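Residues per chain are reported as follows:
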Amino acid sequence: MRMRDMGGVALAIIMAGVFVGWLGGLVTGGSGFGSSGNIIAGTAGSIAGFYLLDAVGVGFGGGPAAAGLMGAIGALSVLFIAGRLRR
């Protein structure tokens, strides 16, 4: 990936995590980790998910849109697992 594309990829990953975390807060009605906790967990999951999926060779093409999708998958996974562990 070209260096100039990295800014867009990083922004897409973070935006996906924030969006999924915010959406998770709406779905759970603010329970669980609270809005800010869900956003933080979503962002962390987004970053981790992107790198883990990339490490195992799962990709959806290149660029910010693919990175955002990979980040969203990671964020959803982290929020789902954390919600199950919390019960």
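Here we summarise the structure given alongside this text. What you see as residue numbers is a count from 1 along each chain, following the sequence as written. Confidence filtering applies because this is a predicted model: local features only for residues at pLDDT of at least 70, side-chain atom pairs given and counted only at 80 or more, and all residues used for totals across whole chains, interfaces and linings. Just so you know, side-chain values use all the structure's heavy atoms and leave hydrogens and water out.

### Looking at the overall build of the protein chain
Link 1 in the chain: A run of H or I in DSSP becomes a helix once it reaches four residues, and a run of E becomes a strand once it reaches two; helices and strands are each numbered from the N terminus. Broken down by element type, the protein chain carries three helices and zero strands.
Link 2 in the chain: The order of helices and strands in the protein chain, counted from the N terminus, is α-α-α.
Link 3 in the chain: Residue contacts follow a heavy-atom distance rule, with two residues in contact if any of their heavy atoms lie within 4.5 Å. In the protein chain, of all internal contacts separated by at least 6 residues, the share reaching a separation of at least 24 is 66%.
Link 4 in the chain: Only the protein chains shown count as covering a residue, and every accessible area follows the Shrake-Rupley method with a 1.4 Å probe. When the accessible area of the protein chain is evaluated, it comes to approximately 5,400 Å², of which 72% is carbon and sulfur surface.

### Examining the packing of aromatic side chains
Each aromatic ring pair is summarised here by two numbers: the centre-to-centre distance and the angle between the ring planes.
Link 1 in the chain: Stacked, tilted and edge-to-face pairs are distinguished by plane angle, under 30 degrees for stacked and over 60 for edge-to-face with tilted covering the rest, among Phe, Tyr and Trp rings (Trp via its six-membered ring) whose centres lie within 6.5 Å. Enumeration according to the criterion identifies two aromatic pairs in this entry.
Link 2 in the chain: For the pair Phe 19 and Trp 22, a centre-to-centre distance of 5.9 Å together with 40 degrees between the ring planes defines the contact as tilted. Of the two residues, Phe 19 and Trp 22 are both situated in helix H1 (residues 6-27); the distance of three residues between them amounts to about one turn of the helix.
Link 3 in the chain: For the pair Phe 50 and Tyr 51, a centre-to-centre distance of 5.1 Å together with 80 degrees between the ring planes defines the contact as edge-to-face.
Link 4 in the chain: In this structure Phe 50 comes out as buried when scored by relative accessible area, which is 12%.
Link 5 in the chain: Exposure remark for Tyr 51: the relative accessible area of 52% places this residue in the exposed category. Using a 1.4 Å probe on the protein chains alone, a residue whose accessible area is under 20% of its type maximum counts as buried, one over 50% counts as exposed, and one in between counts as partly exposed.

### With respect to helix H2 (residues 34-55)
Link 1 in the chain: Taking 1.5 Å as the rise per residue, H2 with 22 residues should run 32 Å; its terminal C-alpha atoms sit 31 Å apart, in good agreement.
Link 2 in the chain: Where H2 terminates, the next one or two residues include Gly 57, which has phi positive at roughly 90 degrees. For a helix, the expected span equals 1.5 Å multiplied by the residue count minus one.

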